[in-house]
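So the chains spell out like this:
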Amino acid sequence: MIELDKTEHEQKRRARRMNERKNREAFRELLKEHIDRGSLTYKTKWRHFVDQIKEDKRLFNMVLFISS
């Protein structure tokens, strides 16, 4: 019984880590898209950039990942 619990816990942990990784990769892709378009540069203020992308689910998923 204990082994089963450990196995389930390990599977949940792996699934969570995989989901977190996908969220990070998607967020990086979002940043790259905006860099390529020129809407994100080294001079861009974060608060202004967030206003541009606040409706994007990739930002939302990343915020959930950070807060969990």
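Just so it is clear, the structure is predicted and the values come from calculations on it, not from any experiment.

**Here we look at the overall build of the protein**
The secondary structure content of the protein amounts to three helices and zero strands. Taking 68 residues into account, the globule formula puts the C-alpha radius of gyration at 11 Å, and the protein, at 17 Å, lies well above it. Its C-alpha atoms give the protein principal-axis dimensions of roughly 55 × 20 × 20 Å. Scored against the burial criterion, the 68 residues of the protein give a buried share of 18%. Summed over its atoms, the accessible surface of the protein is roughly 6000 Å², and 55% of this surface lies on carbon and sulfur atoms. Distance from the positive charge centre (18 side chains) to the negative charge centre (12 side chains) of the protein: 5 Å.

**Remarks on helix α1 (residues 2-37)**
Between its first and last C-alpha atoms α1 spans 53 Å; for 36 residues at 1.5 Å apiece the expected length is 52 Å, and the two agree. Of the positions making up α1, those classed as buried are E20, N23, F27, L30 and H34. Positive phi appears at G38, one or two residues downstream of α1, with a value of about 90°.

**Looking at the nonpolar core**
Formed by F27, L30, L40, F49, I53, L59 and M62, the largest nonpolar core amounts to seven residues. Among the secondary structure elements, those contributing two or more residues to this core are α1, α2 (46-53) and α3 (57-67).

**Topic: the pattern of salt bridges**
Applying the stated criterion across every chain, the model contains eight salt bridges. In this structure, the salt-bridge partner of R14 is E10, at a minimum N-O distance of 3.3 Å. Note that R14 and E10 are positioned in helix α1 at a spacing of four residues, about one turn of the helix. Take E10: its relative accessible area is 26%, and that puts it in the partly exposed class. Across the pair R58 and D56 runs a salt bridge whose closest N-O atoms are separated by 2.9 Å. Each of E33, R37, D56 and R58 takes part in one network of salt bridges that share partners.

**Thoughts on the environment of N19**
Position of N19 relative to the elements: it lies in helix α1. Between the C-alpha atoms of N19 and N61, which are 42 residues apart in sequence, the distance is 9.7 Å.

Rules used throughout
- Residues numbered from 1 in each chain as written.
- Predicted model: local features only at pLDDT ≥ 70, side-chain atom pairs only at ≥ 80, totals over all residues.
- Heavy atoms only, no water.
- Helix = DSSP H or I, 4+ residues; strand = E, 2+ residues; numbered from the N terminus.
- Rg over C-alpha atoms; globule rule 2.2 N^0.38 Å.
- Buried < 20%, exposed > 50% of the residue type's maximum accessible area, 1.4 Å probe, protein only.
- Areas by Shrake-Rupley, 256 points an atom, 1.4 Å probe, with all protein chains shown as cover.
- Lys, Arg positive; Asp, Glu negative; His and termini not counted.
- Charge placed at Lys NZ, Arg CZ, Asp CG, Glu CD.
- Expected span 1.5 Å × (residues − 1).
- Core = buried A, V, L, I, M, F, W, Y, C linked by side-chain atoms within 4.5 Å.
- Salt bridge = Lys/Arg side-chain N within 4 Å of Asp/Glu carboxyl O.

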